[in-house]
Amino acid sequence: YQRRVHGDIKLMLLSKFKSLSGLRREVVRPLLPALSAHRLYQRSVFHFSSQQPQSNQTQDHITTDNHGDPHAKKGNVIVEYAKEFWHLLKSGSKQTVNDIKFLSALKKKDNTAWTALDLYESRRIKLDLLKFIPFSFFIIVPAAELVLPFYLIFFPNSVPSTFMFDWQKKERRTLLLEKQREGAIYVSSYVLSALKKHQLITTEQASNISQYGKDIQQALIVNFSIVSKELDLENMDSDLLIQVNHLLAVEVITGTNILTQFVKHSLNMPRYLINLFLMIIRSQERLKWNHWIFNYNFKLNFFPFEPLKRALLLAQIKSQINYLEKEDKALHQFGFTNFEVQQFLSFSLYRGIHFDDKAVIERLIMEDWLAISKWASKDPSLFVCLSALHTRAIYETK
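Computed from a prediction, not measured in an experiment: that's the story for all the values here.

(A) View of the overall build of the chain. In terms of regular secondary structure, the chain is built from 16 helices and 2 strands. Sorting the 398 residues of the chain into buried and exposed places 43% on the buried side. Taking as baseline every contact in the chain between residues at least 6 positions apart, the subset at least 24 positions apart corresponds to 71%. Surface exposure of the chain reaches about 22500 Å², of which carbon and sulfur atoms provide 58%.

Structure (structure tokens):
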């Protein structure tokens, strides 16, 4: 066992513990619950399946996972789990400290001199620090990792990006892209139906946005007063507002997720207990309930929940539009300054642009997006509608 321990962990363990029994008693056994909970956390948040990535890469290292190797020995798995968890905390804490230093230095800078990258990084760091406040509880308190999976059920987007592996960030980006595509189709279809209802566009134009996108946008701008009542954000229901948030790549907070998850898991509690009993007796059978009531997503679109959801969703939309407007003004003034590849891709994602060619992204932002962005402060509802048409046109073009 000692021969399988490498690097600093080996030096630390061998210097402190003189016997194998002492090592097992004071190091391995206390780590087991935390490491098991950490692995469960990865699977529950990022839909960790049997098809695992070949490498789990953080900012400072690459770790390998023997979990899929049937010949991997238990000692190796424990050591790899310990190294993985340790490096995750180490790299995440280091990046958090660097972010705080960057934000402190940025505060000393004149606000008018902030570039688009400064504004983007400021928003990311503030959001990560806000998430870090409750997340730090699971780092500081011993064995608190045991309840981390249950915490993530009710607060699924509460992990700071600095404590994610690179492949987890890619999965998160993929999920945001999928939701953004759904939101663009949903919202743009709603806009097109309103325009067709008043005969402001033809059926041919509505069915071919990639070709007639500019014409449709112009018709919407000129005749928005006619359809403003239908397309006003204040008049939209919570389901449509959720799609607007997806369109703007916002991690949605509805305010009812805790109650929804509580109801859902309460209904499924008998199944959980029966399957737990079957697992204890080492039975291969598992109880599966396919009835719709056990898998139903309770939306709670009625009083008093609907007004609460609409208020929260509208606040998130307006906040996102405000951030986009500030970043776009800085972008127009200073251009693309000091953007790294991942920062550049994330920056363009919020604007519904997701190409791999940097020159194409810059052209679309400078020529098309900034023309839409000028409506953000004038009329947020019109801005959202134009953004939906713009994003859907890009998806159909790709």
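(B) The arrangement of the packing of helix 12 (residues 305-334) against helix 14 (residues 358-373) in detail. Orientation of helix 12 relative to helix 14, taken along the N-to-C sense of each, is 135°, at an axis distance of 11 Å. Relative to helix 14, helix 12 is oriented oblique. When the axes of helix 12 and helix 14 are compared, the crossing they make is left-handed. Within the contact between the two elements, helix 12 uses Leu324, Glu325, Asp328, Leu331 and His332 and helix 14 uses Ile365, Met366, Trp369, Leu370 and Ser373. For the contact of helix 12 with helix 14, the class distribution of residues is 6 nonpolar, 2 polar and 2 charged.

(C) Layout of the environment of Leu276. In this fold, Leu276 is placed in helix 11 (residues 257-280). The exposure class of Leu276 is partly exposed, given its relative accessible area of 42%.

(D) View of the pattern of salt bridges. On inspection of all chains with the given rule, the structure shows 15 salt bridges. With a closest N to O distance of 4.0 Å, Asp239 and Lys299 form a salt bridge. Placement of the pair is Asp239 in helix 10 (residues 238-247) and Lys299 in the loop between helix 11 and helix 12, with a sequence separation of 60 residues. Look at Asp239 and you get partly exposed, because its relative accessible area is 23%. The exposure class assigned to Lys299 is partly exposed, which follows from its relative accessible area of 43%. Taking the shortest distance from any N to any O, the salt bridge between Glu325 and Lys329 comes out at 3.5 Å. Of this pair, Glu325 and Lys329 both sit in helix 12, 4 residues apart, which is roughly one turn of the helix.

Cut-offs used in this document
- Residues numbered from 1 in each chain as written.
- Predicted model: local features only at pLDDT ≥ 70, side-chain atom pairs only at ≥ 80, totals over all residues.
- Heavy atoms only, no water.
- Helix = DSSP H or I, 4+ residues; strand = E, 2+ residues; numbered from the N terminus.
- Buried < 20%, exposed > 50% of the residue type's maximum accessible area, 1.4 Å probe, protein only.
- Contact = heavy atoms within 4.5 Å.
- Areas by Shrake-Rupley, 256 points an atom, 1.4 Å probe, with all protein chains shown as cover.
- Axes fitted to C-alpha atoms, helices over the stretch in contact; angles between N-to-C directions.
- Parallel < 35°, antiparallel > 145°, perpendicular 65-115°, else oblique.
- Left-handed = near helix turned anticlockwise from the far one by under 90°.
- Nonpolar A, V, L, I, M, F, W, Y, C, P; charged D, E, K, R; others polar.
- Salt bridge = Lys/Arg side-chain N within 4 Å of Asp/Glu carboxyl O.

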